Every structure is written in C-alpha cells, then in structure tokens.
Amino acid sequence: MKFIKAFVPILLSALILGGCSFRLASSIDDLITPVSPSGENANVQKALDNYCKGSYSLKTPVSGGFTTSYIFYDIDSDSEKEAIVFYEPSSNPGSIDMAVIDKINGEWSVVCNIEGRGSDVYSVDFRDLNGDGSTELIVLWDTFSNSASHVLAVYRQAYVNDQLALSVVGRYITMSNYIAVDIHGDDAEELMVFTVDSGDSISANAVLYSYEDDNLKSLGSTKLDGHISSYKSIISENNGERVYVYADAAKSNGAQMLTEVINWSDYYNTIISPFYNYSTGITKETTRQAMLTSRDIDGDGIVEIPLDAQRASFPGNVEAVNWKKYENSVLAHSCYSVAVEKDNYQIIIPDAYFDRITVSYDYENKALTVSDKSDNIIFTVTYLLKSHYSENNEKYANYMEIMSDSGYIYLAECGNDSDIKITAEDLKSMIKSYEGE
C-alpha cells in the first residue's frame, strides 16, 4: 500500500512533465467513485445501468440544497420519491444528461432522460412556479466548470403513456444567480434572475420571470451595479405588505461588498432597485468594507443590511458593523456588532455601550478583547478546535463556552472591573457566526 501511495504522485508527475497527452477529468466526480444507493434503492443504479447500456460517470451538483449523486424527491406528488441522476455517458464524453428514475410496478426504471446544456451541473431545485401544487425542476447547467455564469432551465412535468416526463418551459437563460420568490403574494413563485455583463460597458440587471403558463414571460427588470465579481447571497423577506429581495454581491476590487434591495413597484409596474443610481451606474449607499451578507441579525423577522460603522480605533482585522433595516424608503439603524471575519464570528454590542468600548486583538492566541475607555476588560473571546479543548486545561479555567460551530468551540472570559457588565450568559445570545444563523 505504501508503494502504491508513493507511486501515484510519481506517475502523475511523469505524465505531466513528460508531455504525454491525456484528458483531465471533467469534474471531481470523475476522480471519486460516488457512493451508490444502498438497500432497496440500489436498484436505482441498476436501472441507470440498464438504460445506458454502457459505462458512464455520475455528476454531482456542486451547489444548492441537493448535492448528492442520487437525488430523491417526490416530483409528481404521489407520496413516492423519484430519483434524479446526472451523468456523463461514455458514448458522448464532455456532455451531461439528466435521468428521472421512477418505480413502476415495483421496479425502478428510467422514465425520462434530458440532454443537458453543458458539461456539468451547478445546482438543482424543486419549486412550484405556477401555484398548481405541482413541482417544477430548476436546473443550472455549466458549460465551463467553475464558471460564474450558468444556464438556467425550468422543467415541468407531464405524462406520456401514463409515465412521468419532463419538458423545458420557455427558453434557456444564461445568468449568474437567481431566487424563487412570490413577489405578488398570489401563491405562485416567480424567478428573479441576475446577470452580470463585463466589457466596454459594465452592467448588471435583474429580470423577473413568470412561469405560470407554458411560456416564459418577463414581468419587469431593473439595472444594478455591475462593478461586481459575483453574487454571494440572495434572500427574500415578506413583511406582510411588500416582498423585498436582498442581493449581496462582492465588488470587483475584492475588498468591498454591496447590497441591492429589489421590490415590486405598482406605480412603475416593474421591479425597482431604490439604491441604484442610474446617473453613476453605482449602488453606493449599501457599499461597505465588511464582507458580511444581509440577514435577520437580531431575530425580529426583518432582514438587516451590514454597513460600516466608522470606528478608526478598531484593529485592521476587526470590523465595526452598523446593521440597518430598509423601511419606509430609508435605512434605519437596528444594532451594532464587532465582527472578526478571520475567526468566523461577530458579537452584537448594545447601542448604549458601542461608543464606550475599545477593541484589541491578539493574533497569537486568536483572542478578541473588548474593554471600556479606561482599559478595564469587559470580556475576551477566543476560539479553538474542539479536539484541542479540555475543561481541565488551566489556560481556560476562567472561560465559559458560548458557541460551538463547524468543529470549533468559542470561549469567553468576562472581567469584573468595568462598569459595563456583560456576562458569559449574555454573550451566548450576542455571539453570531460571521455569516448565517
């Protein structure tokens, strides 16, 4: 075994340096043998074997909520899950197909096969886009691996000879990202699709598409700041009166982010982006240094946007964040936080204390210390791998666990000399992961 482990990298180096011609794997799935379904579902693989009548390589979506080789979902609402499989047939290398495998009379078989629009699959999702209670499939195909652009296709179910079949709705759309959102509150979701174009004129836009009928229909569009590299997060909020979409994008300079707020306007009968400036082509008001994405930071059911709080005294790797919510056409302050991107957490600071604190950071011990203006320590937060932590370690004798996340444990020690009193129990509710809940 040791010989084999040593021989493999030598062989690869010889092939590369020796100039031999060989085809690199088109995706990581060609290098790793996917785990086959077990138990009764093992027959799903057998059904695909019988259909392909030859070898094939399974493809796995690289993003989204469904990232397994075999995706099981009840597409036709018959209380029985079908299997969706993406694969590259050996007879047509560089291409990709999508097979739908259903159980007919107790036997799994391929009932539908769709030829893909590229060589990889980026993501797959299941939504009801016309409010009829049935599920449409949303697939993002990739022509090039690791590309920021994808080809969006929506497939609607039908029946041919009493068997489930899929057909594409409308046309294929080249785009960067999308969100399914019920913009009108009529129980039918639309797709808000985002694109970024670069070249002589830098631009971006969002288009709202309806899939209620068998044809694709554009309901409206709005321009967006195009000085971005990609959208990092797109979420929606329904406040009971209006639906807002928050699209967080990384700026092209790699050092900033911005948030586009998009909503439907009855007055203009289209979607609008109130912070985008048509004169400058820039969304300035929500641009910031903090590389955080919008979220409901304080648990009040309203999404907040992270903006920079001007605190020049903070260390370079610690961000002062002013979280604001969009209401009545203005951004209103919600709360403050101290964020440490490197350590993947932030601490909510009460408004009454924010202007009364100083912050320092110990790189060696990964320790954030928050003190008052008299240098009295209020609390110190540090983190380490769970596997490296022991309650018997004297170094952490005065520390208490306040959060556990992704294999790490976050500990806090609170001071007693400051008139600003924040306990470890308080910090348990004040600490948040840098992104997400």
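Presented here is an overview of the structure given in this document. (Residues numbered from 1 in each chain as written. Predicted model: local features only at pLDDT ≥ 70, side-chain atom pairs only at ≥ 80, totals over all residues. Heavy atoms only, no water.)

What about the overall build of the protein?
What counts here: Each helix corresponds to a stretch of at least 4 residues labelled H or I by DSSP, and each strand to a stretch of at least 2 residues labelled E; elements are numbered beginning at the N terminus. Exposure categories follow from relative accessible area, calculated using a 1.4 Å probe and restricted to protein chains: below 20% of the type maximum is buried, above 50% is exposed, and the middle band is partly exposed. Here, residues are in contact when the closest pair of their heavy atoms is within 4.5 Å. Working definition of accessibility: Shrake-Rupley area with a 1.4 Å probe, residue cover restricted to the visible protein chains.
Of regular secondary structure, the protein possesses 4 helices and 28 strands. Every one of the 437 residues in the protein was classed for burial, and the buried ones make up 47%. At a minimum sequence separation of 6, the contacts of the protein that also span at least 24 residues come to 46%. Carbon and sulfur atoms make up 47% of the accessible area of the protein, which amounts to about 22200 Å² in all.

With respect to the sheet that holds strand β11 (residues 177–181)
For the record, the criterion: Pairing between strands is defined by DSSP: at least two bridges between them are needed. Helix axes are fitted only over the stretch in contact, all axes being lines through C-alpha atoms; the angle between N-to-C directions runs from 0 to 180 degrees.
Read across the sheet, 4 strands follow the order β11-β12-β13-β14 without closing on themselves; strand pairing throughout is antiparallel. Two strands close off the open sheet at either side, each with one partner strand: β11 and β14 (217–224). The average angle at which neighbouring strand axes cross in this sheet is 20°, direction not considered.

Section: helix α2 (residues 42–52)
Test applied: Arc definition: directions from the helix axis to the C-beta atoms.
Every buried residue of α2 is accounted for by Val44, Ala47 and Leu48. For α2, the buried positions fall inside an angular range of 95° around the axis, keeping them on one side. Contacts from the buried residues of α2 go to β1 (56–59), β2 (70–73), β3 (82–89), β4 (97–104) and β5 (107–115). A positive backbone phi angle near 50° is found at Lys53, which sits one or two residues after α2.

Description of the pattern of salt bridges
So the rule is basically this: Salt-bridge detection follows one rule: a side-chain nitrogen of Lys or Arg within 4 Å of a carboxyl oxygen of Asp or Glu.
What the rule picks out here adds up to 12 salt bridges. A salt bridge links Lys251 to Asp225; its shortest N-O distance comes to 3.7 Å. Here Asp225 lies in the loop between β14 and β15 (228–238) and Lys251 lies in strand β16 (residues 243–251), a separation of 26 residues in the sequence. Assigned by exposure class, Lys251 and Asp225 land together as buried. One continuous salt-bridge network, built from bridges that share partners, spans Lys59, Glu88 and Asp120.

Brief notes about the side chain of Glu260
Rule in force here: His is not counted, nor are the chain ends; Lys and Arg add positive charge and Asp and Glu add negative charge. Under the rule applied, a polar contact is a pair of N or O atoms within 3.5 Å (in protein, one hydrogen donor and one hydrogen acceptor; residues adjacent in sequence only if both atoms are side-chain atoms).
You can see Glu260 is positioned in strand β17 (residues 257–265). We note that Glu260 is buried and unpaired, the nearest opposite charge coming from Lys251 at a distance of 8.4 Å. Reaching out from Glu260, the side chain makes a polar contact with the side chain of Ser273 at a distance of 3.0 Å. With near-sequence residues (within four places) excluded, Glu260 lies in contact with Leu224, Asp225, Val245, Tyr246, Ala247, Ser273, Tyr276 and Thr283.

A short note on a negative patch on the surface
Quick reminder of the rule: Like-charged residues are merged into a patch within 9 Å and nonpolar side chains (Val, Leu, Ile, Met, Phe, Trp, Tyr) within 5 Å, provided each residue has over 30% relative accessible area and no salt bridge. Where a charge sits is defined by one atom per residue type, namely NZ (Lys), CZ (Arg), CG (Asp) or CD (Glu).
There is a patch of like negative charges on the surface, built from Asp186, Asp187, Glu212 and Asp213. A residue is classified by how much of its surface remains accessible, and Asp186, at 38% relative accessible area, is partly exposed.

Details of the packing of aromatic side chains
So the rule is basically this: Working definition: rings of Phe, Tyr and Trp (its six-membered ring) pair if their centres are within 6.5 Å, and the pair is stacked with planes under 30 degrees apart, edge-to-face with planes over 60 apart, and tilted otherwise.
Enumeration over the complete set of coordinates arrives at 19 aromatic pairs. With centroids separated by 6.1 Å and ring planes inclined at 85°, the aromatic side chains of Phe66 and Tyr73 adopt a geometry described as edge-to-face. Assessed through its relative accessible area of 26%, Tyr73 is described here as partly exposed. Ring plane angle 70° and centroid distance 5.3 Å describe the contact between Tyr345 and Tyr410, whose orientation is recorded as edge-to-face. Residue Tyr345 is found in strand β22 (residues 345–349), and its partner Tyr410 is found in strand β27 (residues 408–414); the two are separated by 65 residues along the sequence. The exposure class of Tyr345 is buried, given its relative accessible area of 0%.

Some remarks on the nonpolar core
Rules: Put simply, a nonpolar core is a bunch of buried Ala, Val, Leu, Ile, Met, Phe, Trp, Tyr and Cys residues held in one set by side-chain atoms that sit within 4.5 Å of each other.
Tyr345, Ile347, Ile357, Leu368 and Phe379 are the most contacted members of the largest nonpolar core, which totals 41 residues. When residues of this core are assigned to their parent elements, the largest contribution, 5 residues, is made by strand β21 (residues 330–340). The contacts of Ile347, once residues within four sequence positions are left out, are Tyr336, Ser337, Val338, Phe379, Val381, Leu427, Met430 and Ile431.

Regarding the sheet that holds strand β24 (residues 367–372)
Within a sheet, neighbouring strands are paired by backbone hydrogen bonds and run either parallel or antiparallel to one another. The strand order across the open sheet built from 5 strands is β23-β24-β25-β27-β26, with neighbouring strands paired in antiparallel fashion. Single-partner strands in this sheet number two, and they are β23 (357–362) and β26 (400–405). Strand-to-strand twist across the sheet, computed as the mean angle between neighbouring axes with direction ignored, equals 20°. Taken together, the 7 bridges between strand β25 (residues 377–385) and β27 define a ladder with antiparallel strand orientation. Bridging across to β27, Leu384 finds its partner in Ile409.

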